[in-house]
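What follows is the residue order along each chain.
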Amino acid sequence: MGVVGLAVMGSNLARNLASREGNTVAVYNRTTAKTDELVAEHPEAGFVATDSYVTFAQALTRPRTAIIMVKAGRATDAVIDELVHVFEPGDIIVDGGNSLFTDTIRREKAVRETGINFVGMGVSGGEEGALLGPSLMPGGSDESWVTLGPILRSIAAVAEGEPCVTHIGHDGAGHFVKMVHNGIEYADMQLIAEAYDLIRRGTGKTPAEIADVFAEWNRGELESYLIEITAEVLRQVDAETGRPLVDVILDQAGAKGTGAWTVQTALSLGVPVSGIAEATFARSLSSHPEQRSVSRELPGPDAATAFADDPDAFIEEVRLALYASKIVAYSQGFDEIRAGAAEYDWSIDLGEVAKIWRGGCIIRAQFLNRITDAYRAEPDLPVLLTAPYFVDALTRAQEAWRRVVTISAQTGIPAPAFSSSLAYYDGLRAERLPAALIQGQRDFFGAHTYKRIDKDGTFHTLWSGDRTEIEAEDTH
Ligand code: 2AM
């Protein structure tokens, strides 16, 4: 098999492939110096270096399998164009980059015409995951999965004895699921960040002390890679200033765009992923120093520090609020996958998706087993958080969750993901929503009509006439 694109992710994935019994890996990179460097640095890998697409194709046994690991976008199209010329029907081109799923749908369709298989594959786990075992989310045809399955199983992370890879669904399904994975990751990170901020300002604890809190949490139901690394980051001391590193890092969060894709797609699908959206917007807000500097004098409560009377009790409430909000974020993310599958005609096993996220990837956590269990018990579960396990957890957490959101509002410590998750939860629970009033307003200004709770049909009130109600055509 072969790998095209030898930046860090591609190099590491190639080394991972080469380290498996029986594999010989051909490598190609546009800039040949990088290929030579990789091959020289890793003689143990036994790479076959190639310096053109023709020699790359010649080096592969058929059906040829090439994994492309280049920058998503135009570079991916450029490489596919080249490979299509040197590959033959039955060969497989895998795009392991962070491609937008609609690009993958387009590319799969175009490549299929040539008889070559195209597989868009989400790869999660960063550089280390690529080297030691990532979580893999391949889409593409059933035919390509027959060849790819064993290869991918051999290089994927292993969680509880099972490789973290499954055939997600056709064409763009793999990249879609990877996209939502990243959106959930944004939400998870934001929630952890809000918890840290509330604890720091609420208890006056130092980052190192809060690191201990997270390390402790990592032994309970919040156990996850993100909680684990949070403790590591908080414990880190800056060598230059001797201050906690977190205090010298500029507080403007970057983003590569997958969170925004998740939210944009959710908007198109009509899925309320409010936790993911708040997390994405929170990064945007942080990254506008010019707006933040002119806003610093806006009125608010005096910045209270160490306001928690009982720090340990407060920390426990924050933990519960974090857990509840996390359940909401995952529930929303799975809702988006369910809606995407319906829209694009993919058959996606949601329980399997949770399973392959247990290892290798950034959101890996024990917690994902509960999601798998929930979908095993009820594959058509309409709202993940209504599964019995999550209802139990939310029942335990909800009072604390409300108190933490209240404290956030009262003290002026922003907790957008905590509060919007709670609002979503209460929206779902509501017996009646003010959506009825919105329907009334829409009917008033645009004759958009409404339905009634007590009889079938579609109605319109003659607002500018005598305000009697008439039966109307259904125009939405
Ligand atoms: P390079 O080393 O020649 O720049 C990440 O940037 C990877 O994508 C690198 O391996 C890079 O190759 C590759 N890449 C970027 N644009 C490319 C293109 N248009 N064609 C082929 N590879 C490209």
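Bear in mind the structure is a predicted one, so any value in this text is a computation, not a measurement.

S.K.: Sorry if this is basic, but what is going on with helix α10 (residues 225-235) here?
M.R.: Each α-helix turn comprises 3.6 residues. Residues three or four places apart therefore point the same way. Buried residues of α10: Leu-226, Ile-227, Thr-230, Ala-231 and Leu-234, and no others. In an axial view of α10, the angular spread of the buried residues amounts to 145°, which keeps them on one side of the axis.

S.K.: Would you mind showing me how to read the pairing of strand β7 (residues 135-138) here?
M.R.: A regular strand carries its side chains on alternate faces of the sheet. Where burial is concerned, the two faces of β7 agree: the one with Ser-135 and Met-137 and the one with Leu-136 and Pro-138 are both buried. Pairing geometry for strand β6 (residues 117-124) and β7, over four bridges, is antiparallel. Paired with Gly-122 across the bridge in β7 is Met-137.

S.K.: Honestly, the packing of helix α15 (residues 311-344) against helix α18 (residues 388-411) in this entry has me stumped. Any pointers?
M.R.: Two quantities define a packed helix pair, namely the angle between the axes and the distance from one axis to the other. At a minimum axis separation of 7 Å, α15 and α18 run at an interaxial angle of 120°. Comparing their axes, α18 and α15 come out oblique. Note on packing geometry: the crossing formed by α15 with α18 is left-handed. When α15 is examined against α18, the residues Phe-314, Glu-317, Val-318, Leu-320, Ala-321, Tyr-323, Ala-324, Ser-325, Ile-327 and Val-328 are found in contact with a partner set consisting of Tyr-389, Phe-390, Ala-393, Leu-394, Arg-396, Ala-397, Ala-400, Trp-401, Arg-403, Val-404 and Ile-407. Along the lines of polarity and charge, the residues of the contact of α15 with α18 split into 17 nonpolar, one polar and three charged.

S.K.: I keep staring at the UniProt feature "domain: 6-phosphogluconate dehydrogenase C-terminal" (unreviewed entry) in the protein and nothing clicks. Help me out?
M.R.: According to UniProt, the "domain: 6-phosphogluconate dehydrogenase C-terminal" (unreviewed entry) feature falls on residues 174-464. Taken end to end, residues 174-464 is 65% helix and 1% strand, and its two terminal C-alpha atoms sit 52 Å from one another.

S.K.: Just to check I follow, could you spell out the site of the ligand for this structure?
M.R.: In the neighbourhood of the ligand, the contacting residues comprise Gly-5, Leu-6, Ala-7, Asn-29, Arg-30, Thr-31, Lys-34, Val-70, Lys-71, Ala-75 and Val-79. Separating an oxygen atom of the ligand from a side-chain N or O atom of Thr-31 is a distance of 2.4 Å. If the ligand stood free it would expose 470 Å²; the protein chains cover 77% of that surface. Its residues assigned to classes, the shell around the ligand comprises five nonpolar, three polar and three charged.

S.K.: I keep staring at the sheet that holds strand β1 (residues 2-4) and nothing clicks. Help me out?
M.R.: Think of a sheet as strands paired side by side through backbone hydrogen bonds, with each pair either parallel or antiparallel. On the basis of which strands lie adjacent, the open sheet formed by seven strands has the order β3-β2-β1-β4-β5-β6-β7 and mixed pairing. Each edge of the open sheet carries a strand with a single partner, namely β3 (48-49) and β7. One ladder, built from two bridges, connects strand β2 (residues 26-28) with β3; its direction is parallel. Bridging from a neighbouring strand, Val-27 pairs with Ala-49 of β3. Set on the sheet, helix α5 (residues 101-112) makes contact with β5 (92-95) and β6; between it and β6 the angle comes to about 150°.

S.K.: Explain the packing of aromatic side chains here, please?
M.R.: Remark: the centre distance and the inter-plane angle together describe each pair of aromatic rings, the angle taken between the planes. Summed over the entire model, instances satisfying the criterion amount to 17 aromatic pairs. Arranged with centres 5.9 Å apart and planes meeting at 70°, the rings of Tyr-323 and Phe-367 form a pair that is edge-to-face. Placement of Tyr-323 in helix α15 and of Phe-367 in the loop between α16 (350-356) and α17 (368-377) is noted, with a sequence separation of 44 residues between them. Accessibility expressed as a relative area gives 3% for Phe-367, which makes it buried. These aromatic residues form a ring-pair network of at least three members: Tyr-323, Tyr-330, Phe-367, Tyr-389 and Phe-390. Sitting over the ring of Tyr-186, Arg-283 keeps its end group 3.7 Å from the ring centre.

S.K.: Which parts of the structure should I look at to understand a negative patch on the surface?
M.R.: Taken together, the side chains of Asp-36, Glu-37, Glu-41 and Asp-51 make up a negatively charged region of the molecular surface. Position of Glu-41 among the secondary structure elements: in helix α2 (residues 32-41).

S.K.: I would appreciate a short explanation of the side chain of Asp-335 in the present structure.
M.R.: Take Asp-335: it is sitting in helix α15. Ignoring sequence-local partners within four residues, the contact set of Asp-335 consists of Val-271, Pro-272, Pro-382 and Tyr-424.

S.K.: What exactly am I supposed to notice about the nonpolar core here?
M.R.: It is characteristic of soluble globular proteins that their nonpolar side chains tend to be buried jointly. Grouped together as the largest cluster of nonpolar side chains are 90 residues, with contacts concentrated most on Phe-214, Trp-217, Ile-348, Trp-357, Ile-371 and Phe-418. For this core, the element with the most residues is α15, which contributes 16 residues. Sequence-distant contacts of Ile-371, that is, excluding residues within four places in its chain, are made with Tyr-330, Phe-334, Ala-354, Leu-384 and Phe-390. Residues Leu-13, Leu-17, Val-25 and Ile-155 belong to the second largest nonpolar core, which totals 28 residues.

S.K.: I keep staring at the layout of surface pockets and nothing clicks. Help me out?
M.R.: The gaps of empty space that remain are located by a probe, the size of a water molecule, rolled over the atoms. Estimated volume of the second largest pocket: approximately 210 Å³. Surrounding the second largest pocket, Arg-432, Leu-433, Ala-435, Ala-436, Gln-439, Tyr-450, Lys-451, Arg-452 and Ile-453 form its lining.

S.K.: Would you mind going over the environment of Val-86 with me for this structure?
M.R.: Mapping Val-86 onto the fold places it in helix α4 (residues 74-86). Sequence spacing of Val-86 and Thr-55 is 31 residues, and the spatial spacing of their C-alpha atoms is 9.2 Å. Filtering out sequence-adjacent residues up to four positions away, Val-86 remains in contact with Tyr-53, Val-54, Ala-57 and Arg-64.

Thresholds applied
- Residues numbered from 1 in each chain as written.
- Predicted model: local features only at pLDDT ≥ 70, side-chain atom pairs only at ≥ 80, totals over all residues.
- Heavy atoms only, no water.
- Buried < 20%, exposed > 50% of the residue type's maximum accessible area, 1.4 Å probe, protein only.
- Helix = DSSP H or I, 4+ residues; strand = E, 2+ residues; numbered from the N terminus.
- Arc of directions from axis to C-beta.
- Pairing = 2+ DSSP bridges.
- Axes fitted to C-alpha atoms, helices over the stretch in contact; angles between N-to-C directions.
- Parallel < 35°, antiparallel > 145°, perpendicular 65-115°, else oblique.
- Left-handed = near helix turned anticlockwise from the far one by under 90°.
- Contact = heavy atoms within 4.5 Å.
- Nonpolar A, V, L, I, M, F, W, Y, C, P; charged D, E, K, R; others polar.
- UniProt positions renumbered as here; feature names shortened; annotations may be inferred.
- Near = heavy atom within 4 Å.
- Polar contact = N/O pair within 3.5 Å; in protein donor to acceptor, adjacent residues only side chain to side chain.
- Areas by Shrake-Rupley, 256 points an atom, 1.4 Å probe, with all protein chains shown as cover.
- Phe/Tyr/Trp six-rings, centres within 6.5 Å; stacked < 30°, edge-to-face > 60°.
- Lys NZ or Arg CZ within 6 Å of the ring centre and 35° of its normal.
- Patch = residues over 30% accessible without salt bridge, like charges linked within 9 Å, V, L, I, M, F, W, Y side chains within 5 Å.
- Salt bridge = Lys/Arg side-chain N within 4 Å of Asp/Glu carboxyl O.
- Lys, Arg positive; Asp, Glu negative; His and termini not counted.
- Charge placed at Lys NZ, Arg CZ, Asp CG, Glu CD.
- Core = buried A, V, L, I, M, F, W, Y, C linked by side-chain atoms within 4.5 Å.
- 1 Å grid on protein atoms, 1.4 Å probe; cavity = no way out; pocket = protein on both sides within 12 Å on 5 of 7 lines; lining within 4 Å.
- Points joined across faces, edges and corners; volume = space filled by probe spheres on them.

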